[in-house]
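Residues per chain, in single letters:
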Amino acid sequence: MNIGIIGAGHIGKALAQDFIKAGHRVAVANSRGPESLQGLIAELGPQATALSAQEAAEFGEILVETVPFAKVPDLAKLPLAGKIVIDTANYYPQRDGQIDLGGHSEGSWVAQQLPGARVVKAFNAIAAADLASQGDVSKPVGERRAIFVSSDDQQAKQTVSRLIEEIGFAAMDTGTLAGSAVNQNGAPLYGKNVTISEGQKIIDQEMK
Ligand SMILES: NC(=O)c1ccc[n+]([C@@H]2O[C@H](COP(=O)([O-])OP(=O)(O)OC[C@H]3O[C@@H](n4cnc5c(N)ncnc54)[C@H](OP(=O)(O)O)[C@@H]3O)[C@@H](O)[C@H]2O)c1
């Protein structure tokens, strides 16, 4: 599959490595242009290419947005309509400045910024270094680290869940984008290194 990754920092690089290992082709993009990404491409190897954000959005059957939270609205100009867009973003006011989420979860806010995109929140609650190192396809799914997945689009969520399993993690369904609040900054599942059943126990505990 062709995967376009908008944002070539910590998470963009880790996901590119994971997807390449699973046999996919990736195009990475940043804000400064493809020429600034030649070092990263040399590291990632022949399954990777650097493109502009517009070209990466056109290239990807699936896209990843992994830019700083405050920069997400910049991506609305890209051709995202009808495409699955994996949203890795987290909102840290001290880093991102004051943004009025209008009472929405971070995932719902991102989806509002990207009209027409099939937004799936995932990979936001794991550190980049762990994302690059903890996937293990040799383990049964029930023993793997869970990646929390939320979306209002069931089919898109299933597609992303399969991708998560392909790179050696387990996809834990955390419901809709509104429900993605359980794995945003400060919430019970945020940053937790758990299997699906351990994650479910945390959720059950919270709901008591
Ligand atoms: N780091 C982690 O461990 C971690 C874990 C989970 C989730 N997250 C979340 O994932 C997101 C990305 O985090 P990160 O740590 O990977 O960030 P990062 O290392 O700072 O990288 C951000 C990337 O986004 C690019 N970018 C910024 N504005 C852009 C635009 N308008 N168009 C295209 N590309 C743009 C930057 O390119 P330029 O350098 O060219 O501007 C850079 O390549 C954040 O929301 C973060 O909270 C991070």
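Please refer to the structure higher up on the page.
Every chain is numbered independently, its residues counted from 1 as its sequence is written. Given that this is a predicted model, residues contribute local features only at a pLDDT of at least 70 and side-chain atom pairs are listed and counted only at 80 or more, while totals for whole chains, interfaces and linings are drawn from all residues. With hydrogens and water excluded, all non-hydrogen atoms of the structure serve as input to the side-chain values.

(A) Just the side chain of T88, in detail. Helix and strand definitions follow DSSP, with helices as H or I runs of at least four residues and strands as E runs of at least two, each counted in order from the N terminus. Note on placement: T88 falls in the loop between β5 (84-87) and α4 (93-96). Here's how the labels work: a residue is buried when its accessible area is under 20% of the maximum for its type, exposed when over 50%, partly exposed in between, all with a 1.4 Å probe on protein chains only. Judged by its relative accessible area of 7%, T88 is buried. Side chain to side chain, T88 and T66 meet in a polar contact 2.9 Å long. Those residues in contact with T88, other than ones at most four positions away along the chain, are I11, L15, V64, E65, T66, K121, A122, F123 and N124. Polar contacts, as used here, are pairs of N or O atoms within 3.5 Å; protein pairs need one atom able to donate a hydrogen and one able to accept it. Residues neighboring in sequence count only if both atoms are side-chain atoms. The contact rule is simple, with two residues in contact once any of their heavy atoms fall within 4.5 Å.

(B) Representation of the layout of surface pockets. A volume near 710 Å³ is recorded for the largest pocket. A cavity here means a set of 1 Å grid points, computed over protein atoms only, where a 1.4 Å probe fits but cannot escape. A pocket is an open set with protein on both sides within 12 Å along at least 5 of 7 lines, and lining residues have an atom within 4 Å of a point. Lining the largest pocket are 33 residues, and of these G7, G9, T66, V67 and P68 lie nearest its centre. When residues of the lining of the largest pocket are traced back to their parent elements, those giving at least two are α1 (10-21) and α3 (53-59). Residues are grouped as follows: nonpolar covers Ala, Val, Leu, Ile, Met, Phe, Trp, Tyr, Cys and Pro; charged covers Asp, Glu, Lys and Arg; every other residue, Gly included, is treated as polar. When grouped by side-chain class, the residues that make up the lining of the largest pocket number 17 nonpolar, 11 polar and 5 charged. Grid points are joined across faces, edges and corners, and a volume is the space filled by probe spheres set on the points. Computed from the structure, the second largest pocket encloses a volume of approximately 160 Å³. Take the lining of the second largest pocket: its biggest share by element is 3 residues, from helix α6 (residues 128-133). Looking at side-chain class alone, the lining of the second largest pocket contains 6 nonpolar, 2 polar and 4 charged residues.

(C) Looking closely at the environment of K21. Considering the arrangement of structural elements, one finds K21 in helix α1. In this structure the C-alpha to C-alpha distance between K21 and A8, which are 13 residues apart in sequence, comes to 17 Å.

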